[in-house]
Amino acid sequence: MELNKIAKIIGADLKNIPDQPINWLLTDSRSLSFPAESLFFAIRTSRNNGHNYIQELYQQNLRYFVVSEMQSDYTRLTDAVFLKVTDTLQALQTLAAVHRSSFNIPVIGITGSNGKTVVKEWLYQLLHTDYRIVRSPRSYNSQLGVPLSVWALNENTQLGIFEAGISEMNEMEHLQKIIQPTIGVFTNLGEAHQENFTGLKQKCEEKLKLFTQAETLIYCSDNKLVEICIAQSGFKGKLFSWGSGLKADMQVLKVVKESDKTIVALNYTGTESSVAIPFTDEASIENGLQCVAVMLQLGLGMKEIAKRILHLETVAMRLEVKDGVRDCLIINDSYNSDLNSLGIALDFLNQQATAKNLSKTLILSDILQSGQSPDELYKTVAELVKNKNIQRIIGIGSEISKHESVFQSLDKTFFEHTEDFLKSSLVRELKNEIILLKGSRKYHFEDISEKLELVTHETTLEVNLNALVDNLNYFRSKLRPETKMMCMVKAFAYGSGAVEVARTLQHNRCDYLAVAVADEGAELRREGIRIPIIVMNPEKGSFGMIFDNKLEPEIYSFRLLDSFVVAAEKLGLVDYPIHIKIDSGMHRLGFEPQDMEQLLERLKNQNQVKVRSVFSHLSGSDDAKFDAFTKQQVSVFTACADQLSVVFSHHIMRHILNSAGIERFPEYQFDMVRLGIGHYGISSLPDTSLKQVCALKTVILQIKKVKSGETVGYSRKGIINGDKLIAIIPIGYADGFDRKLGNGVGEVLINGKRAKVIGNVCMDLVMIDVTNIDAKEGDSVEIFGDHLTISEVADWLKTIPYEVLTSVSRRVKRVYFQE
C-alpha cells in the first residue's frame, strides 16, 4: 500500500506525502529489516515510548514514521516523513482493519483461555495443502500483534488464521474489526488472565465479541457457561457445537486412550466415525476436536479428516537456545516458516550473537505456501539475510537450491534434502557458530537439531526471556521516563545465567548492570556486553581487571578509595568513574554520615576518579512495619548526597530503591533504581502481574513398586506404610535440591499432581511417592516453576527465594527460550 493512501486511512495530514510503497509495518525499533519499504508506528505505552527511538531508526535509513508527538530533535531529520495522528496504536489498528476489508476470503478467528496457538498451528498443518495461508506468527494475539499479523494478507492469500487474546474489558471489539473472522473458534474458558474481570461470565462475554459478524461459530457445548453466554450474545450466524451431549452437532460418543494416541468415536449428521489423535493429554484431545470441527465446516469429509489428524505434530511454542557440539549455540525454530517468522527468529539470533566470536549461520528450508513467486520470495529472503548480517546460509530444498545465485556475499551451501545435509561432511565442520534452524515441517529439522545439540544432564533450568522482559517492563512502568534502570546480574544472574540474561537486558535497553566481583563483569565483557557494569564488591587484587574491562567500582571505604586512586594514578588515568556507597542505616558496607567531610576533601584533592553516582541500600523496603525506618534511611542518604552535589559541578546520579522499593516507594526513585529479585517474578506486593522466569525441571528415570514395611534411601529414613509406587528423578543436593526437602518436607509436580519426597535427598537422585498419580518413566517433573513457585519452596526451607534460585548448581543445564 502506498504511503499517501495510508495517510488518508489513518487521518494524517496529506500534504507532501509521497506515493512510496510500504510493505512492512514496524513497532519495534530493533526489528528493522527493509528500511526503504517500512513504516514505523511510534507506540506510547505505560512502559515505553516509541518516539524515543526515531533518531536511532533514522540513522538506519528509515524515513517514514507515524507519530502522536513531534519532539524538538525531529527537525534535524530533514528528509523524514512524519504522519501525525492522535493515537498511533489506533492508527495501526485502523490501517489493519481497512487492509483486512479488501480481502473476500475465509478467515478463521480463534480465541479462548487456552489452546489458541496450538489450534492455529494445527489448522495450518492440516490445511496448508489446500490453501495458501497467512497466520499469526508465534503468539501475535495482542492489540499490537493482531494488526501486524493481518497486515501480512496479500493478493495470493486464500485463507487467514488469526488468534486473538485479551486481558481486560473492551479490548476484543478492536480485534474483531481487524480480524473480521468468517469462522470463529472458541477454544475453552478458564482462569487465565482472570485478574481484570469480575468473573468467568464477564470474560466469556468479552471474548465472544470477536464473533459478532462471523458466519459460523464453533465451540464445545460441554461447558454450560459458554453455551449460556453464546445464547445471550445474540449471535446471528450458524452455531456448530461439539461435545458429549445428544444435541451437539458433532457428538463425542467415546474416548479411548492408548499408549501413544487417543481414539475418539464421533456421530456427525447421523453417521458414526472415529479419529485417532496422536496425543493422550486432555488439552490436545480438545484442540484436535476443534480442528475436526473446522475442517467439517470447510467441506472436508470425515475419512480425509481422520487421515490428516493422525499425522498432527507437536507445536513448538518457543524459540529455544541450546548448547551445541564443537562450541556452537543452537536456536531451534521450526514453529513457523514464513517471512514474518523468519525476521523474528533472525532478530532473536542477532540478540544472542553478540561479540562471542561466534559466526552467524542460518539453516533454512524451502518456504512453502508463501503466496509469492519463488523468484520474488527468495530475492526478499536474500535481502533479509543480508540485512541481518548472516555470514553463512545452508539451504535445504529444491526451490531454495534453484535460487542459490541470489544469496550473494556470504558462505552458502545447498542440499535437495535434509538427509543429504546430514550425510555431508559439513555437519562435522560446523564449529564456533550460532546456528538458527528454520525449516518447514516436511523437512524434519528435528533430525538436524538432534545431530547438532550437545547431549546433557536431563535436569534443566528453563529461563523464559519473555517473562524476564515483561517483569523488567512492569517495574519500568512505575518509573518516570527519564529514570534509569540498573539490573543486578550478580551470582550468575541469581542462578539463571549471567550472560544470556545480560544480553536480553542490554537488548531491552537496560542502562546499567551490576555484578558482585570483577570476574563476573569481565566475563560479560568477553561475551559482548557493552553497557556500563558496576562491581559492587571490588577487591584490590582485581583493579587491573576492572580497568582492562572498563568496569566501574563501588567505593565504600577510605582504604578502598585510596588504593583505587593510587592504582589509577599509576596507569595515568583521569576521571575514572566510581560509585560512592553510603551506609544510611543498614550497617553493611558504606561511608557513614560523619565520614562525609573527610570523603569530600579526598575526592576534591585528586583527579584520578570521578563520582558517577552515589547510592545506598534499603534494609526493609519490602515490609510495611519498617516504613518509618525506610524513610529515615532516605533522609540520611539525601543529606549525604546533597553534600556531594554541592561540592562538584557535574551531575551525580542518585539511587536507593531495590525491587521492593520500586513497588512501594516510587517517590524515592531519584535518578536510577536497582532491579534484582523482581526480574524473576518475586514481588513485595500481593496480586501483581509479575511472571515466573525460571522453571527447574527433570524427568522420571524409573518407577518401582515398594511393599509396605520396606524403606527407601540412605539411613532407611523413607519408611513405607502401605504398598507404594516410588519414582526416582535425577536431581539431588549437588544440583541445588536441598537435603532439608527430604522425608516429606518437599513436593514436586508431575502431570498436574503433587508428589511428596520420600526418604533422604541423595547427591544426584531424589525419590518421590507417585502412588496416586498417573505417571510413567520419562514424564516431566517440575521442581519449581509456573505451578509450584520458588516462594513456596523457600517457605518449606524457611529461607528466601534468593537462596533457592542461587543454589541451582552450574551442572544443571540452562535452557533459554523466547515464546
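Student: Sorry if this is basic, but what is going on with the packing of helix α4 (residues 116-127) against helix α9 (residues 282-297) here?
Tutor: A pair of packed helices can be characterised by two numbers: the angle between their axes and the separation between those axes. One can describe the packing of α4 onto α9 by two numbers: an axis separation of 10 Å at closest approach and a directional angle of 50°. If you check the angle between α4 and α9, you find them oblique. Between α4 and α9 lies a crossing whose hand is right-handed. Across the interface between the two elements, Val118, Val119, Trp122, Leu123, Leu126 and Leu127 from α4 touch Ser284, Asn287, Gly288, Gln290, Cys291, Val294 and Met295 from α9.

Student: Looking at this structure, how should I read helix α22 (residues 558-570)?
Tutor: Residues separated by three or four positions in an α-helix point in the same direction, a consequence of the helix having 3.6 residues per turn. In this model, α22 (13 residues) spans 18 Å end to end at C-alpha, consistent with the 18 Å of a helix rising 1.5 Å per residue. Residues Phe558, Leu560, Leu561, Ser563, Phe564, Val565, Ala567 and Ala568 constitute the buried set of α22. Buried residues along α22 sit against α21 (543-548), β24 (552-555), β25 (576-582), α23 (596-604) and β26 (609-616).

Student: What is the right way to read the sheet that holds strand β16 (residues 359-365) from this model?
Tutor: Within a sheet, adjacent strands bond to each other through the backbone by hydrogen bonds, running parallel or antiparallel. The 12 strands are arranged β18-β17-β16-β19-β15-β14-β38-β20-β29-β37-β34-β35 in an open sheet whose pairing can be described as mixed. Each edge of the sheet is formed by a strand with only one pairing partner; in this case those strands are β18 (411-415) and β35 (753-756). The sheet shows a mean angle of 25° between the axes of neighbouring strands, direction not considered. Both strand β14 (residues 319-323) and strand β15 (residues 329-332) contribute to a ladder of four bridges, which runs antiparallel.

Student: Teacher, can you tell me more about the packing of aromatic side chains here?
Tutor: Two aromatic rings are characterised by how far apart their centres lie and by the angle between their planes. In total, this model carries 18 aromatic pairs according to the counting rule given. An angle of 35° between the planes, with centres 5.5 Å apart, marks the rings of Tyr494 and Tyr680 as tilted. Taken as a pair, Tyr494 in helix α18 (residues 490-494) and Tyr680 in the loop between β28 (672-675) and β29 (694-699) lie far apart in primary sequence, 186 residues in all. The class for Tyr494 is buried, based on a relative accessible area of 6%. Under the relative-accessibility criterion, Tyr680 is labelled buried at 0%. Site record: aromatic cluster; members linked through ring pairs are Phe40, Phe65, Tyr74 and Phe82. Residue placement shows Arg63 over the ring face of Tyr58; its charged tip is 3.7 Å from the ring centre. If you follow Arg810 out to its NZ or CZ, it ends over the ring of Phe492, 3.7 Å from the centre.

Student: Hey, could you run me through a negative patch on the surface in this one?
Tutor: Together, Glu416, Glu419, Asp420, Glu446, Asp447 and Glu450 make up a negatively charged patch on the protein surface. The biggest single contributor to the negative patch is helix α16 (residues 446-452), with three residues.

Basis of the calculations
- Residues numbered from 1 in each chain as written.
- Predicted model: local features only at pLDDT ≥ 70, side-chain atom pairs only at ≥ 80, totals over all residues.
- Heavy atoms only, no water.
- Axes fitted to C-alpha atoms, helices over the stretch in contact; angles between N-to-C directions.
- Helix = DSSP H or I, 4+ residues; strand = E, 2+ residues; numbered from the N terminus.
- Parallel < 35°, antiparallel > 145°, perpendicular 65-115°, else oblique.
- Left-handed = near helix turned anticlockwise from the far one by under 90°.
- Contact = heavy atoms within 4.5 Å.
- Expected span 1.5 Å × (residues − 1).
- Buried < 20%, exposed > 50% of the residue type's maximum accessible area, 1.4 Å probe, protein only.
- Pairing = 2+ DSSP bridges.
- Phe/Tyr/Trp six-rings, centres within 6.5 Å; stacked < 30°, edge-to-face > 60°.
- Lys NZ or Arg CZ within 6 Å of the ring centre and 35° of its normal.
- Patch = residues over 30% accessible without salt bridge, like charges linked within 9 Å, V, L, I, M, F, W, Y side chains within 5 Å.
- Areas by Shrake-Rupley, 256 points an atom, 1.4 Å probe, with all protein chains shown as cover.
- Salt bridge = Lys/Arg side-chain N within 4 Å of Asp/Glu carboxyl O.
- Lys, Arg positive; Asp, Glu negative; His and termini not counted.
- Charge placed at Lys NZ, Arg CZ, Asp CG, Glu CD.

So far we have only geometry, and geometry alone does not tell us how the molecule works.
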